[in-house]
Structure formats: structure tokens, C-alpha cells
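The lines below spell out each chain.
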Amino acid sequence: MKNYNIAVVPGDGIGNEIVPEGYKVLEAVAKKHGFSMTSKTFDWGAGYYLKNGRFLPEDGLETLKNYDAVYFGSVGLPEVDDTLPAKDYTFKVRTNFDQYVNYRPVRTYPGVQRPLRTEKHIDFVIVRENTEGEFVQVGSQYLPDSENGMGIDTSIFTRKGIERIAHYAFKLARKRRNKVTHITKSNTLINSLSYWDRVITEVASQYPDVAHDQMYIDNSTASFVLKPEIFDVVLTTNLFGDILSDLGGAVMGSLGLGGSGNINPEKDFPSMFEPIHGSAPDIAGQNIANPYGQIWSAAIMLEHLGEVDAANNIMEAIDKSTLEGVLTKDLGGNASTSDVANAVIKNL
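Everything quoted here is computed from the prediction, not taken from an experiment.

Definitions and cut-offs
Residues numbered from 1 in each chain as written. Predicted model: local features only at pLDDT ≥ 70, side-chain atom pairs only at ≥ 80, totals over all residues. Heavy atoms only, no water. Helix = DSSP H or I, 4+ residues; strand = E, 2+ residues; numbered from the N terminus. Rg over C-alpha atoms; globule rule 2.2 N^0.38 Å. Buried < 20%, exposed > 50% of the residue type's maximum accessible area, 1.4 Å probe, protein only. Contact = heavy atoms within 4.5 Å. Areas by Shrake-Rupley, 256 points an atom, 1.4 Å probe, with all protein chains shown as cover. Lys, Arg positive; Asp, Glu negative; His and termini not counted. Charge placed at Lys NZ, Arg CZ, Asp CG, Glu CD. Core = buried A, V, L, I, M, F, W, Y, C linked by side-chain atoms within 4.5 Å. Salt bridge = Lys/Arg side-chain N within 4 Å of Asp/Glu carboxyl O. Pairing = 2+ DSSP bridges. Axes fitted to C-alpha atoms, helices over the stretch in contact; angles between N-to-C directions.

Draft legend 1. Here's a closer look at the overall build of the chain. The number of helices and strands found in the chain is 11 helices and 12 strands. Rg of the C-alpha trace for the chain: 20 Å, near the compact-globule value of 20 Å for 348 residues, within the 12% margin. Each principal axis of the C-alpha atoms in the chain carries an extent, and together these give about 55 × 50 × 40 Å. The burial tally for the chain puts 54% of its 348 residues in the buried class. Long-range contacts, defined as pairs at least 24 residues apart, comprise 76% of the intrachain contacts of the chain with a sequence gap of at least 6. Put simply, the chain shows about 15,200 Å² of open surface, and 49% of that area lies on carbon and sulfur atoms. Each charge class in the chain was averaged separately, 33 positive and 44 negative side chains, and the resulting centres sit 6 Å apart.

Next comes the structure, spelled out in C-alpha cells:
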């Protein structure tokens, strides 16, 4: 029997509720499809930082390397400086494990009322470059408290980084509807993003069977709302992808519905799977958080590990559950976090 060893990191806030429920779904689908899962849970995150002065132990990354994947919740607490969680946990894992693909799908959930009037089916994937661009944190502050103070952040776009994320996007499009829309703002960021455009266009020429177009970020933001059905694979920079994926969650009906994967496609390192939302400490401990995005992240993880049938089974069970009206408070329902997980398990 195939076994997968999973590092479970609930993190902070509602992560401690939605991650265990998502893992229950993983165990159930593994049993059904004839493989097994072992796991170890780590209490890393902002809560760990308050006790230990760091978000994960000094040997934390070495520890994670021993696992097939990381099943993650969210990180951050109000009493911890908000500039620290991404830098000292999320970006650290993504960069050190070369998780250069941030895979964030957007889709229609049956039975979920969306804020858009359109009844057209929505199904696209945001492919966000995950280790370069605007979030590299290369910069400094100069005399920040003086009248001459200044802050600088430098975006970095390399040929290698652009080529590999572009190839991933075009190969993904071949498995979907053969269309890639790459997002840019090269009319104003005339050095970094004109280079981004140039390299992506070069890669696109190697995929003549895949339709390719370029769209400015302002136009794409409007189009996400006005005509989201036109998108298939959306290729974006680190910053644009971060923003657009939250808009994608809103288009679906709630940020709680969005799953994602931080993926190292070559599998040289474990990939990390998490919902797109934050730790929501204001509703933590009440068993009302929406776990659908966390459960979808479990399906994305299984697909990455090669268990495609099990991943599809989870998605079918999610759709059946939402269609039956098993909806949490953010979706206009009254189901609890555990109610949702139990419904998905029943519908497997």
C-alpha cells in the first residue's frame, strides 16, 4: 500500500480548526482509494513565535524536507508584527523549497450564491510566480524617522524564473482549455515587466496550440468581475497574483472557498498546500470557519502526489455537499466547520 508522509502545520487562528477537519477528509479518501497517510503535527506560526522568538525551529526546514508534502493552515496573530509572518514563515518555506508555482484555482461552487449576476460557469487557474518579482524583499529604509527618510523595495525578474513559470502555465493550459492570459503593467513598469512580457512571449512561441494573450492588471481586475468566464490559465507576477487570487475568492462567493498549492513541480522539495485566506483570529475557536478552501487544498495536494482519482473524488464530494446546502455562515448558511467536513466525508 502506498503511504504518504505529511507534515501538518495548522498555524494560527482558524487554522487549528480547519486543518484537522481537512485532514479527516484526507484520511477518509485515502482509505477509499487504497493508500495510507501518516503525519506529524507541528505547532509553528505566530503562536510559536510568541513563545520562542521565531516562527519555526532553527532546524524546521530540515525537518520538513523529510515529508512528502506540507498541509498548512494560516499564520499570523494580532499581537505579532504583521511584517513578520510572511518573511519568517511563508516566504522562507516557499523560497528554500523552490516552490516557484503558486497554484490558485477559481471555480463555480454549485449551490453557492455568488455576488456576480452572471450565471455563466467560472473555471480558471491563477498561476502566480512565487519566489521572485515584487516580494523578494530586497530593499531597505534610509533614515526612516527623518524628513529625508525613504523606503525602497526592488522587484527582481530573472529569465530562469520567468521561463519556468511560463512553461508551467502553458503545459497546464494544454490539460485544460488551451488558453493562457498573462498579466502585466509594462506600459508603466517599463523595465521589469516589459522583460516579463518579452520572455513569456518567447515561451509562448513554443506552444503554438495554446492561445496566448496579454492583459494589463487594471483591465484584468475589471474582467474578473465583468467577464470571468473568458479566463482559463492566468499567469501573473507575485504581487498581482496575490491580489487577483483574493478577488477570485470573492468572485466564488467567499475567501473561505479558495484552495491553493505552493508547488515545486520537480518534486526536489516538498510542496505546501494551504487555503488562500488568513488566520481570522476574530472567529477562531467558534467552529464556524469555512473549511472548503482547506479541503480543496487537500485535493490539490493529492493531485500533486499523483492520487488524481482521490483528488477528483474530494471535489465531487465538495460539490455535492454545497449543492445539498451544507454552507457555513460566510456563505449564508449555518453549518459548522465540522459539519462541512462530515458532509464531504459522507459524500465521498
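Back to the text.
Draft legend 2. Structural view of the nonpolar core. With 84 residues, the main nonpolar core has Ile6 and Met37 as its most contacted residues. If one sorts the elements of this core by residue count, helix α9 (residues 292–305) sits on top with nine residues. Residues in contact with Ile6, not counting those within four places in the same chain, are Tyr23, Met37, Thr38, Ser39, Lys40, Tyr67, Ala69, Tyr71, Met301 and Leu305. In terms of nonpolar packing, the next biggest core, distinct from the first, is built from 20 residues, Phe42, Val70, Val75 and Phe97 among them.

Draft legend 3. Representation of the side chain of Thr237 in the model. Take Thr237: it is sitting in the loop between β10 (233–236) and α8 (238–252). Those residues in contact with Thr237 that sit more than four places away from it in its chain are Arg128, Glu129, Glu134, Phe157, Leu193 and Trp196.

Draft legend 4. Up close: the pattern of salt bridges. Counted according to the given criterion, the structure contains 18 salt bridges. A salt bridge links Glu229 to Lys120; its shortest N-O distance comes to 3.6 Å. Of this pair, Glu229 sits in the loop between α7 (217–226) and β10 while Lys120 sits in the loop between β4 (101–107) and β5 (123–129); the two residues are 109 residues apart in sequence, bridging distant segments of the chain. Judged by relative accessible area, which is 47%, Lys120 ranks as partly exposed. One connected set of salt bridges, linked through shared partners, spans Asp123, Arg176, Arg177 and Asp232.

Draft legend 5. Structural view of unusual backbone geometry. One non-glycine residue, Lys267, lies in positive phi territory at about 60°. Mapped onto the elements of the fold, Lys267 is located in the loop between β11 (259–263) and β12 (271–275).

Draft legend 6. Region of the structure containing the sheet that holds strand β3 (residues 69–74). Read across the open sheet, the 10 strands follow the order β2-β1-β3-β12-β11-β4-β5-β10-β8-β9; overall the sheet is mixed. One side of each edge strand has no neighbouring strand; the edge strands of this open sheet are β2 (35–41) and β9 (211–216). On average, each strand axis in the sheet is tilted by 25° relative to the strand beside it, whichever way the strands run. On the sheet, helix α1 (residues 15–33) packs against β1 (2–11), β2, β3 and β12 and is oriented at approximately 160° with respect to β2. Taken strand by strand, α7 contacts β5, β8 (179–184), β9 and β10, and its axis lies near 105° from that of β9.

Draft legend 7. Representation of the pairing of β4 within the structure. In terms of residue burial, β4 counts as a mostly covered element, since seven of its seven residues are buried. Where burial is concerned, the two faces of β4 agree: the one with Val101, Tyr103, Pro105 and Arg107 and the one with Asn102, Arg104 and Val106 are both buried. Sheet analysis places β4 next to β5, joined by seven bridges and oriented antiparallel. Paired with Tyr103 across the two strands is Val127, which belongs to β5. In this structure, β4 lies alongside β11, joined through three bridges in antiparallel fashion.

Taken by themselves, the reported measurements are silent on function.
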